[in-house]
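Breakdown of the fold
One-letter residues, chain by chain:
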Amino acid sequence: VEITNSIYKPFTAPRVVLKRVKSFAVADIRMIEKDEGLKKFDELDNNESGKLSLAELWKGVIILWKRLDNKPAIMAAFDATDRSGDGHVQRHEFGYFLRFIYYHNNLSLLFDKLSKEEEEESDDCCISKNEFLQASPKLNMDNPLMVFRSMETNDGGKILFNDLCDYMAANFSTWSDEADVARIKAKVSNNNKNNQLKS
């Protein structure tokens, strides 16, 4: 699992307990690039509403990754992406949705492999600091310890697996214009706060 092109922004994770289910993970699924991903989104969006239901997303995942039928990853990605709770994923959210599935599958394999090499019992929903730091060269992070601490639960020396999937999906993208969207949203938010303070 080689990670590239970081878009580093504040971490905000959906608090959904997610277990990595080994039997569903398949080896080395690839990252979906922007042109291919958006083309598939538009093909699935038959009514041109600019959003996809869970059933439509499921169909798209099976087409894009023919060997993948990772139900826990798909459901977790959908829950994490549908932050409005309207039961749909918008076109501009589709990249995050696909990346969440990519990281869920590939990181499951990576951490399962590490636990076997260390002959340690794996906790399906949590990752220890030792496991995380061992995996960090594959994650291509500038400061893995700082990232771990930003996700650490109650200083307990562990992070939730779904928090890591969310962090990776949100901060590492080859869909470059997503960084522009994030910056625009941050600028609008700051301007609104400043206007409220002035009033």
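Located above this text is the structure these notes cover.
Residues numbered from 1 in each chain as written. Predicted model: local features only at pLDDT ≥ 70, side-chain atom pairs only at ≥ 80, totals over all residues. Heavy atoms only, no water.

**Here we look at the overall build of the protein**
Quick note on the threshold: Secondary structure elements are taken from DSSP: a helix is a run of H or I of four residues or more, a strand is a run of E of two residues or more, and numbering for both begins at the N terminus. Should any heavy atoms of two residues lie within 4.5 Å, those residues are counted as being in contact. Per-residue accessibility takes into account occlusion by the displayed protein chains alone, with areas from the Shrake-Rupley method and a 1.4 Å probe.
Tallying secondary structure elements over the protein gives eight helices and four strands in all. Going from the N terminus to the C terminus, the protein shows its helices and strands as α-β-α-α-β-α-β-α-α-β-α-α. Partitioning the contacts of the protein with sequence separation of at least 6, the portion at a separation of at least 24 is 75%. Surface exposure of the protein reaches about 10900 Å², of which carbon and sulfur atoms provide 50%.

**Section: the packing of aromatic side chains**
The cut-off we apply is this: Geometry of aromatic contacts follows a simple scheme: Phe, Tyr and Trp rings, the Trp one being its six-membered ring, pair when their centres are within 6.5 Å, and the pair is stacked under 30 degrees between planes, edge-to-face over 60, tilted otherwise. Exposure is judged per residue with a 1.4 Å probe applied to protein chains only, and the accessible area is read against the type maximum: over 50% gives exposed, under 20% gives buried, and values in between give partly exposed.
Evaluated as defined, the whole model comprises six aromatic pairs. Note on Phe41 and Phe94: the rings are 5.2 Å apart at their centroids and 65° apart in plane angle, and the pair reads as edge-to-face. Taken together, the positions of Phe41 in helix α1 (residues 34-44) and Phe94 in helix α4 (residues 94-117) put the pair 53 residues apart, joining distant regions of the chain. Side by side, Phe41 and Phe94 carry an identical accessibility label, which is buried. Centre to centre, the rings of Phe94 and Phe97 are 6.1 Å apart; their planes meet at 15°, and the pair counts as stacked.

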